[in-house]
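# Fold and contact review
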Amino acid sequence: MVSGPYLPKNLEVLAVGGRLAIIGSLGGVRSEINMRNVMRRRLTIAGSTLRARNSAVKASIAAELREHVWPLLKDETMKIRIDTVFDMSEASKAHSLMESNAHIGKIALTWQHL
């Protein structure tokens, strides 16, 4: 998903023939990877960004997500891994967990509607 120091770790967990789509550079724009491992395991690395895309392209991608991905989430064929859920009042704890890199999955915040 993101580059920088995360790229080698993300490549390690791919299955043989796996594909990695890089959509952000939050971790930095430079990475060092073992290309022999990429070739031996037949990995595919692709990069893209939505920032430079026009509204029509973004709308098309959203429609494809609704059609192909949302149903998989709804019937739980595909699941989003949530590590920890914090109340909004504990946002600083959530941020500390995120900075520690000790989580596996999403960190979520909840709040009560007034």
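Right above here is the structure, for reference.
Residues numbered from 1 in each chain as written. Predicted model: local features only at pLDDT ≥ 70, side-chain atom pairs only at ≥ 80, totals over all residues. Heavy atoms only, no water.

## Details of the overall build of the chain
Note the threshold: The secondary structure listing takes helices from DSSP runs of H or I that are at least 4 residues long and strands from runs of E that are at least 2 residues long, numbered from the N terminus. Note on areas: Shrake-Rupley, 1.4 Å probe, and residue coverage restricted to the protein chains presented here.
Assigned secondary structure in the chain consists of four helices and four strands. Along the chain, helices (α) and strands (β) appear in the sequence α-β-α-β-α-β-α-β when read from the amino end. With the C-alpha coordinates aligned to their principal axes, the bounding extent of the chain is approximately 55 × 35 × 30 Å. Counting every atom, the chain has about 9400 Å² of accessible surface; 57% of that belongs to carbon and sulfur.

## Some details on the pattern of salt bridges
We apply this condition: When a carboxyl oxygen of Asp or Glu lies within 4 Å of a side-chain nitrogen of Lys or Arg, that pair is called a salt bridge.
Under the counting rule described, the total for this entry stands at one salt bridge. Of the charged contacts in the structure, one is a salt bridge between K93 and E90, with a shortest N-O distance of 3.4 Å.

## Quick word on a nonpolar patch on the surface
This is how the line gets drawn: To count toward a patch, a residue needs a relative accessible area above 30% and no salt bridge. Like charges then connect within 9 Å, nonpolar side chains (Val, Leu, Ile, Met, Phe, Trp, Tyr) within 5 Å.
Taken together, the side chains of L50, I61, L65 and W70 present a nonpolar region at the surface, about 350 Å² in accessible area. Summarising the element assignment, L65 is placed in helix 3 (residues 55–74).

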